[in-house]
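Spelled out, the chains give:
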Amino acid sequence: MTKIPYLLFLFIFFSCSSPNKELTITFENASGIVEGDPVVLNNQPIGEVTKVSLDKHYKVLVHIYLNKIDHLPQDSKFTIGAKDLLVRAIVVIPGKSKNRLTSSDRIIGIPPAKNQIDSSGTDFFEQFFESKPSENQDTILKELKELKQELREIKKQTGMQ
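Bear in mind that the values here come from a model prediction, so they are computed numbers and not experimental data. (Residues numbered from 1 in each chain as written. Predicted model: local features only at pLDDT ≥ 70, side-chain atom pairs only at ≥ 80, totals over all residues. Heavy atoms only, no water.)

Q: What am I meant to see in the nonpolar core here?
A: Side chains of a nonpolar character, in soluble globular proteins, are inclined to be buried together. The biggest cluster of nonpolar side chains holds 20 residues, and the ones touching the most others in it are Leu-23, Val-62, Ile-64, Leu-72, Phe-78 and Ile-90. Looking at this core, the elements with two or more residues in it are strand 1 (22–27), strand 2 (38–41), strand 3 (44–54), strand 4 (60–66), strand 5 (77–82) and strand 6 (88–93). The element contributing the most residues to this core is strand 4, with four residues. If we skip the residues at most four places from it in the chain, Phe-78 touches Leu-23, Ile-25, Phe-27, Ile-64, Leu-72, Ile-90, Val-91, Val-92, Leu-101, Ile-107, Gly-109 and Ile-110. (Core = buried A, V, L, I, M, F, W, Y, C linked by side-chain atoms within 4.5 Å. Buried < 20%, exposed > 50% of the residue type's maximum accessible area, 1.4 Å probe, protein only. Helix = DSSP H or I, 4+ residues; strand = E, 2+ residues; numbered from the N terminus. Contact = heavy atoms within 4.5 Å.)

In structure tokens, the structure reads:
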């Protein structure tokens, strides 16, 4: 008879103290995020996208699993960005709150910046193929410099080093 209250206590204790590694983030647009994409913090992978679905209001729900971090501050921000030039990612900007996110929290993702790598790359190729051959070398150098500057700004905004 004494084992049942003891086991119940252990169950409640461990269920309340276990890390919340599964979170769901709501976005207006999936922006190319798919299952298996990484979740990164300071350009380091800390988890991955486990599922992408729609809610009843047609908002995108991105389910993530954190395998390197147990808890994140409740005021952490989540956005869709890029791990590198080819791989999309959920980018985590950690908050400073002492309260921690739980799987029951409603997390609203931040829309990706307008100057994401995808649009920069598209603009570069469109301008390259529309210009005359004599202008291509100057255009390429100019666009590469601008792309490099945009990448620096994106890294600075997202906290990537």
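Q: Explanation requested: the sheet that holds strand 3 in the structure shown.
A: Pairing between the strands of a sheet is mediated by backbone hydrogen bonds and can be parallel or antiparallel. Strands sit in the order 5-6-2-3-4-1-7 across an open sheet of seven strands; the sheet is mixed. Each edge of the open sheet is held by one strand with a lone partner, namely strand 5 and strand 7 (107–108). Pairing of strand 3 with strand 4, which is carried by seven bridges, proceeds in the antiparallel orientation. Note on strand 4: the bridge partner recorded for Ser-53 is Leu-61. (Pairing = 2+ DSSP bridges.)

Q: What exactly am I supposed to notice about the confidence of the model for the protein here?
A: Interpreting fine coordinate detail is not advised for predicted regions of low pLDDT. Of the residues in the protein, 70% have a pLDDT of 70 or more, and the chain-wide mean is 78. Summarising per-element confidence for the protein, the mean pLDDT is lowest in helix 2 (residues 117–130) (49) and highest in strand 4 (95). Here residues 13–18 is a poorly scored stretch, pLDDT under 50, and it has one contact once near neighbours within four places are set aside; other chains count. Taken together, the stretch residues 115–124 has pLDDT below 50 and engages in 20 contacts with residues farther than four places along the chain or on a different chain. (pLDDT = per-residue confidence, 0-100.)

Q: It is not clear to me how the pairing of strand 4 should be interpreted in this structure. Could you clarify?
A: Within a regular strand, side chains alternate between the sheet's two faces. Extensive coverage of strand 4 is indicated by the burial of five of its seven residues. Of the pairings in the sheet, the one linking strand 1 to strand 4 comprises six bridges and is antiparallel in character. Bridge pairing in strand 4 links Thr-24 to His-63. Between the antiparallel neighbours strand 3 and strand 4 lie five residues, among them Tyr-58 with a positive phi of about 65°.

Q: I keep staring at the environment of Ile-64 and nothing clicks. Help me out?
A: Relative to the assigned elements, Ile-64 resides in strand 4. Each C-alpha atom of the pair Ile-64 and Pro-38 lies 8.9 Å from the other, and the pair is 26 residues apart in sequence. Each residue touching Ile-64, except ones within four places of it in the same chain, is listed here: Lys-21, Glu-22, Leu-23, Ile-25, Val-39, Glu-48, Val-49, Thr-50, Phe-78 and Ile-90.

Q: How should I be thinking about the environment of Leu-54 in this particular structure?
A: Its place among the elements puts Leu-54 in strand 3. Relative accessible area serves as the criterion here: at 54%, Leu-54 is assigned to the exposed category. Taking C-alpha positions, Leu-54 is 9.6 Å from Phe-27, a pair spaced 27 residues apart along the chain. Residues contacting Leu-54, with those up to four places away along its chain left out, are Lys-59, Val-60 and Leu-61.

Q: It is not clear to me how the side chain of Ser-76 should be interpreted in this structure. Could you clarify?
A: One can find Ser-76 in the loop between strand 4 and strand 5. According to the relative accessible area criterion, Ser-76 is buried, its value standing at 8%. Once residues within four sequence positions are removed from consideration, Ser-76 is found in contact with Ile-93, Pro-94, Gly-95 and Leu-101.

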